[in-house]
Amino acid sequence: MSEKIITPVKEFAELLPQEYKDLVNEGPFFERRNKKDLGTFKELIDEHPHCAGCGVALGVRLSLAALPTPEDTLVIGTPGCSFFGLAQAAVHYSNTAFGNQNAVASGLKRMLKIRFPDQHKDVVVMVGDGAIADIGLDLTLHSWFRREKIATIMLDNEVYGNTGGQESGMSKQGQAFNMAPTGKKFPKVPIYDIAKISGCVYAVRVTVASPQKLMRAIRNSILIAREVGPTYVQIYTPCPTNLKFPSDQTIKVAKEAEKDYYAYEEFVTQEAADYLKDYES
Ligand SMILES: Cc1ncc(C[n+]2csc(CCOP(=O)(O)OP(=O)(O)O)c2C)c(N)n1
Ligand code: SF4
Ligand SMILES: [Mg+2]
(Lines give C-alpha, C1' and ligand atoms only; values in the text may rest on other atoms or scores of the structure.)
(Ligands and ions follow the chains in the order given, each with its own letter.)
Protein backbone atom coordinates (compact mmCIF):
# COMPACT_ATOMS: atom_id res chain seq x y z
CA MET A 1 0.00 0.00 0.00
CA SER A 2 1.21 3.51 -0.68
CA GLU A 3 0.45 6.63 1.30
CA LYS A 4 -1.65 7.73 -1.67
CA ILE A 5 -4.03 4.81 -1.21
CA ILE A 6 -4.84 5.55 2.43
CA THR A 7 -5.25 9.28 1.84
CA PRO A 8 -8.86 10.10 0.90
CA VAL A 9 -9.52 12.45 -2.03
CA LYS A 10 -9.99 16.05 -0.93
CA GLU A 11 -13.77 16.19 -1.46
CA PHE A 12 -14.31 12.96 0.49
CA ALA A 13 -11.82 13.82 3.23
CA GLU A 14 -13.90 16.84 4.17
CA LEU A 15 -16.96 14.63 4.72
CA LEU A 16 -15.22 12.06 6.92
CA PRO A 17 -15.92 12.17 10.68
CA GLN A 18 -12.93 13.28 12.78
CA GLU A 19 -12.46 9.70 14.03
CA TYR A 20 -11.75 8.51 10.49
CA LYS A 21 -9.51 11.44 9.68
CA ASP A 22 -7.51 10.43 12.75
CA LEU A 23 -7.23 6.85 11.46
CA VAL A 24 -5.64 8.19 8.29
CA ASN A 25 -3.44 10.80 9.92
CA GLU A 26 -2.51 8.97 13.13
CA GLY A 27 -2.95 5.35 12.15
CA PRO A 28 -0.34 2.62 12.52
CA PHE A 29 0.97 2.78 8.97
CA PHE A 30 4.64 2.85 7.97
CA GLU A 31 6.04 2.86 11.51
CA ARG A 32 6.90 -0.06 13.74
CA ARG A 33 4.65 0.05 16.84
CA ASN A 34 4.67 -1.79 20.10
CA LYS A 35 2.69 -2.22 23.32
CA LYS A 36 4.21 0.91 24.83
CA ASP A 37 2.93 2.88 21.84
CA LEU A 38 -0.72 1.95 22.48
CA GLY A 39 -2.62 5.15 23.19
CA THR A 40 -0.18 7.27 21.17
CA PHE A 41 -1.53 6.26 17.77
CA LYS A 42 -4.90 5.44 16.38
CA GLU A 43 -5.50 1.76 15.64
CA LEU A 44 -9.26 1.70 16.35
CA ILE A 45 -11.88 4.42 16.56
CA ASP A 46 -12.81 5.40 20.12
CA GLU A 47 -16.51 4.91 19.59
CA HIS A 48 -16.30 1.20 18.77
CA PRO A 49 -19.37 -0.68 19.98
CA HIS A 50 -17.80 -3.31 22.28
CA CYS A 51 -19.12 -3.56 25.87
CA ALA A 52 -17.05 -2.00 28.67
CA GLY A 53 -14.22 -4.30 29.72
CA CYS A 54 -14.53 -6.47 26.60
CA GLY A 55 -11.65 -8.94 26.36
CA VAL A 56 -12.22 -9.30 22.61
CA ALA A 57 -11.71 -5.54 22.05
CA LEU A 58 -8.44 -5.72 24.02
CA GLY A 59 -7.32 -8.78 22.03
CA VAL A 60 -8.09 -6.96 18.77
CA ARG A 61 -6.20 -3.82 19.84
CA LEU A 62 -3.10 -5.73 20.93
CA SER A 63 -3.15 -7.86 17.76
CA LEU A 64 -3.46 -4.82 15.51
CA ALA A 65 -0.60 -3.09 17.30
CA ALA A 66 1.57 -6.19 16.71
CA LEU A 67 1.11 -6.43 12.92
CA PRO A 68 4.58 -6.39 11.31
CA THR A 69 3.43 -4.29 8.32
CA PRO A 70 -0.18 -3.08 8.71
CA GLU A 71 -0.07 -1.31 5.34
CA ASP A 72 0.50 -4.68 3.63
CA THR A 73 -1.91 -6.70 5.76
CA LEU A 74 -5.39 -7.90 4.89
CA VAL A 75 -7.48 -8.92 7.90
CA ILE A 76 -10.30 -11.38 7.24
CA GLY A 77 -13.16 -11.50 9.73
CA THR A 78 -16.62 -12.98 10.06
CA PRO A 79 -19.73 -12.20 12.14
CA GLY A 80 -19.01 -12.06 15.87
CA CYS A 81 -18.06 -9.40 18.40
CA SER A 82 -14.56 -9.01 16.91
CA PHE A 83 -15.86 -7.68 13.62
CA PHE A 84 -17.41 -4.63 15.31
CA GLY A 85 -13.95 -3.36 16.15
CA LEU A 86 -12.13 -4.72 13.13
CA ALA A 87 -14.50 -3.08 10.68
CA GLN A 88 -13.58 0.27 12.22
CA ALA A 89 -9.85 -0.22 12.51
CA ALA A 90 -7.00 1.28 10.53
CA VAL A 91 -6.37 -1.86 8.52
CA HIS A 92 -7.54 -3.44 5.25
CA TYR A 93 -10.49 -5.58 6.28
CA SER A 94 -12.86 -7.96 4.58
CA ASN A 95 -15.80 -9.73 6.16
CA THR A 96 -17.07 -13.17 5.14
CA ALA A 97 -20.19 -15.31 5.57
CA PHE A 98 -19.99 -16.81 9.06
CA GLY A 99 -17.44 -19.64 9.22
CA ASN A 100 -16.04 -19.14 5.70
CA GLN A 101 -13.06 -17.05 6.81
CA ASN A 102 -10.23 -19.52 6.10
CA ALA A 103 -11.59 -20.46 2.68
CA VAL A 104 -11.88 -16.78 1.68
CA ALA A 105 -8.45 -16.02 3.17
CA SER A 106 -6.90 -18.91 1.17
CA GLY A 107 -8.23 -17.52 -2.11
CA LEU A 108 -7.19 -13.96 -1.34
CA LYS A 109 -3.69 -15.02 -0.30
CA ARG A 110 -3.23 -16.91 -3.56
CA MET A 111 -4.58 -13.98 -5.56
CA LEU A 112 -2.26 -11.51 -3.79
CA LYS A 113 0.72 -13.79 -4.50
CA ILE A 114 -0.09 -13.66 -8.22
CA ARG A 115 -0.77 -9.92 -8.23
CA PHE A 116 2.29 -8.98 -6.10
CA PRO A 117 4.83 -11.79 -6.71
CA ASP A 118 7.76 -9.81 -5.27
CA GLN A 119 6.09 -8.43 -2.13
CA HIS A 120 4.81 -9.86 1.14
CA LYS A 121 1.07 -9.40 1.54
CA ASP A 122 0.00 -10.82 4.91
CA VAL A 123 -3.45 -12.40 5.14
CA VAL A 124 -4.60 -12.71 8.74
CA VAL A 125 -7.85 -14.34 9.89
CA MET A 126 -9.14 -12.75 13.14
CA VAL A 127 -12.41 -14.30 14.34
CA GLY A 128 -14.23 -15.76 17.33
CA ASP A 129 -14.20 -19.23 18.84
CA GLY A 130 -17.59 -20.18 17.38
CA ALA A 131 -16.38 -19.24 13.90
CA ILE A 132 -13.34 -21.54 14.16
CA ALA A 133 -14.28 -24.37 16.53
CA ASP A 134 -17.87 -24.83 15.39
CA ILE A 135 -19.35 -23.45 12.21
CA GLY A 136 -16.08 -22.89 10.31
CA LEU A 137 -14.21 -25.93 11.63
CA ASP A 138 -14.10 -27.86 8.36
CA LEU A 139 -12.90 -24.86 6.33
CA THR A 140 -10.30 -23.98 8.96
CA LEU A 141 -8.90 -27.50 9.10
CA HIS A 142 -8.78 -27.88 5.34
CA SER A 143 -6.84 -24.62 4.98
CA TRP A 144 -4.30 -26.09 7.42
CA PHE A 145 -4.26 -29.47 5.63
CA ARG A 146 -3.57 -27.61 2.36
CA ARG A 147 -0.75 -25.66 4.09
CA GLU A 148 -2.20 -22.29 3.10
CA LYS A 149 0.18 -19.50 4.11
CA ILE A 150 -2.20 -17.58 6.35
CA ALA A 151 -2.21 -16.73 10.06
CA THR A 152 -5.38 -17.73 11.94
CA ILE A 153 -6.15 -15.92 15.21
CA MET A 154 -8.96 -17.04 17.49
CA LEU A 155 -10.42 -14.50 19.94
CA ASP A 156 -11.70 -17.08 22.41
CA ASN A 157 -14.35 -15.62 24.70
CA GLU A 158 -15.78 -19.12 25.23
CA VAL A 159 -19.27 -18.16 24.05
CA TYR A 160 -21.28 -16.86 21.10
CA GLY A 161 -21.10 -13.34 22.47
CA ASN A 162 -22.48 -11.45 19.52
CA THR A 163 -25.81 -13.29 19.48
CA GLY A 164 -26.61 -12.98 23.16
CA GLY A 165 -24.92 -15.96 24.82
CA GLN A 166 -25.15 -19.40 23.25
CA GLU A 167 -22.80 -22.27 24.10
CA SER A 168 -19.71 -22.64 21.90
CA GLY A 169 -17.48 -25.67 21.37
CA MET A 170 -14.86 -23.60 23.23
CA SER A 171 -17.10 -22.96 26.28
CA LYS A 172 -15.93 -24.62 29.47
CA GLN A 173 -17.63 -27.76 30.64
CA GLY A 174 -20.42 -26.91 33.08
CA GLN A 175 -20.66 -23.23 32.01
CA ALA A 176 -24.28 -21.97 31.67
CA PHE A 177 -25.34 -19.00 29.51
CA ASN A 178 -28.45 -16.88 28.93
CA MET A 179 -29.45 -19.16 26.07
CA ALA A 180 -27.87 -22.39 27.33
CA PRO A 181 -29.09 -22.46 30.93
CA THR A 182 -28.47 -26.13 31.77
CA GLY A 183 -24.67 -25.92 31.38
CA LYS A 184 -22.23 -27.38 28.87
CA LYS A 185 -21.98 -31.16 28.88
CA PHE A 186 -18.52 -31.68 27.26
CA PRO A 187 -15.04 -30.07 27.48
CA LYS A 188 -13.51 -27.34 25.28
CA VAL A 189 -12.76 -28.47 21.72
CA PRO A 190 -8.93 -28.90 21.66
CA ILE A 191 -8.25 -26.68 18.63
CA TYR A 192 -4.76 -25.74 19.83
CA ASP A 193 -3.74 -29.41 19.87
CA ILE A 194 -5.54 -30.11 16.60
CA ALA A 195 -3.63 -27.22 14.95
CA LYS A 196 -0.32 -28.89 15.81
CA ILE A 197 -1.20 -32.13 13.99
CA SER A 198 -3.08 -30.54 11.09
CA GLY A 199 -0.28 -28.66 9.32
CA CYS A 200 0.29 -25.54 11.43
CA VAL A 201 4.01 -24.86 11.75
CA TYR A 202 3.58 -22.45 14.66
CA ALA A 203 0.86 -22.36 17.32
CA VAL A 204 0.46 -20.38 20.54
CA ARG A 205 -2.08 -20.35 23.34
CA VAL A 206 -2.05 -17.10 25.31
CA THR A 207 -4.35 -14.67 27.18
CA VAL A 208 -4.91 -10.91 27.13
CA ALA A 209 -3.30 -10.80 30.60
CA SER A 210 0.11 -11.34 28.93
CA PRO A 211 0.26 -8.61 26.28
CA GLN A 212 3.98 -8.95 25.60
CA LYS A 213 3.71 -12.67 24.85
CA LEU A 214 0.52 -12.10 22.89
CA MET A 215 2.07 -9.48 20.64
CA ARG A 216 5.19 -11.55 20.05
CA ALA A 217 2.99 -14.52 19.09
CA ILE A 218 0.99 -12.43 16.61
CA ARG A 219 4.11 -11.02 15.00
CA ASN A 220 5.80 -14.43 14.78
CA SER A 221 2.66 -16.09 13.43
CA ILE A 222 2.41 -13.53 10.61
CA LEU A 223 6.11 -13.61 9.69
CA ILE A 224 6.22 -17.41 9.65
CA ALA A 225 3.04 -17.63 7.55
CA ARG A 226 4.76 -15.54 4.85
CA GLU A 227 7.14 -18.31 3.85
CA VAL A 228 6.77 -21.47 5.87
CA GLY A 229 3.13 -22.43 6.35
CA PRO A 230 -0.10 -21.94 8.30
CA THR A 231 0.04 -20.60 11.86
CA TYR A 232 -2.47 -20.38 14.71
CA VAL A 233 -2.77 -18.13 17.78
CA GLN A 234 -5.51 -18.77 20.31
CA ILE A 235 -6.13 -15.83 22.65
CA TYR A 236 -8.31 -16.02 25.74
CA THR A 237 -10.43 -12.85 25.61
CA PRO A 238 -12.97 -13.10 28.48
CA CYS A 239 -16.44 -11.61 27.94
CA PRO A 240 -17.80 -9.85 31.05
CA THR A 241 -21.29 -9.53 29.58
CA ASN A 242 -21.92 -13.24 28.99
CA LEU A 243 -19.63 -14.75 31.63
CA LYS A 244 -21.25 -12.25 34.02
CA PHE A 245 -18.27 -10.84 35.86
CA PRO A 246 -17.68 -7.11 36.60
CA SER A 247 -16.27 -5.26 33.60
CA ASP A 248 -13.14 -4.12 35.50
CA GLN A 249 -12.12 -7.73 36.22
CA THR A 250 -11.26 -8.89 32.69
CA ILE A 251 -7.48 -9.05 33.21
CA LYS A 252 -7.93 -10.73 36.59
CA VAL A 253 -10.16 -13.41 35.03
CA ALA A 254 -7.59 -13.98 32.27
CA LYS A 255 -4.74 -14.12 34.82
CA GLU A 256 -6.60 -16.74 36.85
CA ALA A 257 -7.15 -18.81 33.70
CA GLU A 258 -3.39 -18.67 33.00
CA LYS A 259 -2.75 -20.42 36.32
CA ASP A 260 -5.20 -23.11 35.34
CA TYR A 261 -6.28 -24.33 31.88
CA TYR A 262 -4.99 -21.39 29.81
CA ALA A 263 -1.26 -21.51 30.62
CA TYR A 264 0.99 -20.07 27.88
CA GLU A 265 2.03 -22.71 25.35
CA GLU A 266 4.01 -22.47 22.15
CA PHE A 267 4.63 -24.99 19.39
CA VAL A 268 7.11 -24.32 16.61
CA THR A 269 8.55 -26.64 13.96
CA GLN A 270 12.31 -26.59 13.35
CA GLU A 271 11.76 -25.08 9.90
CA ALA A 272 9.68 -22.23 11.34
CA ALA A 273 12.18 -21.60 14.17
CA ASP A 274 15.08 -21.45 11.65
CA TYR A 275 13.13 -19.04 9.44
CA LEU A 276 12.42 -16.75 12.38
CA LYS A 277 16.07 -16.81 13.47
CA ASP A 278 17.21 -15.88 9.94
CA TYR A 279 14.57 -13.14 9.77
CA GLU A 280 15.64 -11.55 13.05
CA SER A 281 19.39 -11.73 12.30
C1 LIG B 1 -24.21 -18.73 8.59
C2 LIG B 1 -24.50 -17.98 9.86
N3 LIG B 1 -24.92 -18.65 10.95
C4 LIG B 1 -25.16 -18.00 12.09
C5 LIG B 1 -25.00 -16.63 12.16
C6 LIG B 1 -25.34 -15.89 13.42
N7 LIG B 1 -24.18 -15.56 14.20
C8 LIG B 1 -23.58 -14.36 14.08
S9 LIG B 1 -22.30 -14.15 15.14
C10 LIG B 1 -22.57 -15.70 15.78
C11 LIG B 1 -21.75 -16.24 16.92
C12 LIG B 1 -20.37 -15.73 16.97
O13 LIG B 1 -19.66 -16.39 17.99
P14 LIG B 1 -18.11 -16.34 18.02
O15 LIG B 1 -17.56 -16.79 16.73
O16 LIG B 1 -17.65 -17.09 19.22
O17 LIG B 1 -17.80 -14.79 18.15
P18 LIG B 1 -18.13 -13.78 19.38
O19 LIG B 1 -19.37 -13.07 19.04
O20 LIG B 1 -18.23 -14.58 20.62
O21 LIG B 1 -16.94 -12.87 19.41
C22 LIG B 1 -23.62 -16.35 15.16
C23 LIG B 1 -24.10 -17.72 15.49
C24 LIG B 1 -24.58 -15.95 10.99
N25 LIG B 1 -24.37 -14.61 11.00
N26 LIG B 1 -24.34 -16.63 9.86
S1 SF4 C 1 -20.77 -9.47 24.40
FE2 SF4 C 1 -18.79 -9.95 25.33
S3 SF4 C 1 -17.36 -10.27 23.62
FE4 SF4 C 1 -19.17 -9.20 22.84
S5 SF4 C 1 -18.68 -6.99 22.92
FE6 SF4 C 1 -19.73 -7.53 24.82
S7 SF4 C 1 -18.09 -8.06 26.29
FE8 SF4 C 1 -17.22 -8.12 24.23
MG1 LIG D 1 -17.04 -16.27 20.99
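The structure contained in this document is the topic of the report that follows. Just so it is clear, the model here is predicted, and its values are computed rather than measured.

Here is what the cut-offs are and how they apply
- Residues numbered from 1 in each chain as written.
- Chains lettered and ligands numbered in written order.
- Predicted model: local features only at pLDDT ≥ 70, side-chain atom pairs only at ≥ 80, totals over all residues.
- Near = placed C-beta within 6 Å.
- Helix = DSSP H or I, 4+ residues; strand = E, 2+ residues; numbered from the N terminus.
- Nonpolar A, V, L, I, M, F, W, Y, C, P; charged D, E, K, R; others polar.
- Pairing = 2+ DSSP bridges.
- Axes fitted to C-alpha atoms, helices over the stretch in contact; angles between N-to-C directions.
- Contact = placed C-beta atoms within 7 Å.
- Buried ≥ 20, exposed ≤ 12 C-beta atoms within 10 Å, placed from the backbone.
- Arc of directions from axis to C-beta.
- Expected span 1.5 Å × (residues − 1).

## Some points on the site of ligand 2
Consideration 1: All residues in the neighbourhood of ligand 2 are listed as His50, Cys51, Cys54, Val56, Cys81, Asn157, Gly161, Asn162, Cys239, Pro240, Thr241 and Asn242.
Consideration 2: The leading source of residues in the shell around ligand 2 is helix H11 (residues 240-243), at three residues.
Consideration 3: Partitioning the shell around ligand 2 into residue classes produces six nonpolar, six polar and no charged.

## Digging into the sheet that holds strand E3 (residues 122-128)
Consideration 1: Spatial ordering of the open sheet is given by E2-E1-E3-E4-E6-E5-E7, a layout of seven strands whose pairing is mixed. Edge positions in the sheet fall to strand E2 (92-95) and strand E7 (265-268), since each has one partner strand and no second. Averaged over neighbouring strand pairs, the angle between their axes works out to 15° when direction is ignored.
Consideration 2: In the sheet, strand E5 (residues 202-207) pairs with E7 via four bridges, with the strands oriented antiparallel. Pairing of Tyr202 across the sheet is with Val268, part of E7.
Consideration 3: Contacts between helix H4 (residues 55-65) and the sheet are confined to E3, strand E4 (151-156) and strand E6 (231-236), with E4 contributing the most and set at about 155° to the helix.
Consideration 4: Across the sheet, helix H10 (residues 211-227) lies against E3, E4, E5 and E6, angled at about 160° from E5, the strand it touches most.

## Topic: helix H12 (residues 250-259)
The α-helix advances 3.6 residues per turn, and as a result positions three or four apart in sequence lie on the same side.
Consideration 1: Looking only at H12, the buried set comprises Thr250, Val253 and Ala254. Each buried residue of H12 lies within a common arc of 95° when the element is viewed along its axis, so the set occupies one face.
Consideration 2: Residues of H12 that are buried sit in contact with H4, E5, E6 and H11.

## What about the site of ligand 1?
Consideration 1: For ligand 1, the set of nearby residues contains 19 residues, the closest of which are Gly80, Phe98, Gly128, Gly130 and Asn162.
Consideration 2: Considering each element in turn, the shell around ligand 1 owes the most residues, three residues, to helix H7 (residues 129-135).
Consideration 3: Residues belonging to the shell around ligand 1 are distributed by class as follows: nine nonpolar, nine polar and one charged.

## What about helix H6 (residues 101-115)?
Consideration 1: The first and last C-alpha atoms of H6 sit 21 Å apart over 15 residues, in line with the 21 Å expected at 1.5 Å per residue.
Consideration 2: Gln101, Asn102, Val104, Ala105, Ser106 and Lys109 are the residues of H6 that are buried.
Consideration 3: Buried residues along H6 sit against strand E1 (73-77), E3, H7, helix H8 (137-145) and E4.

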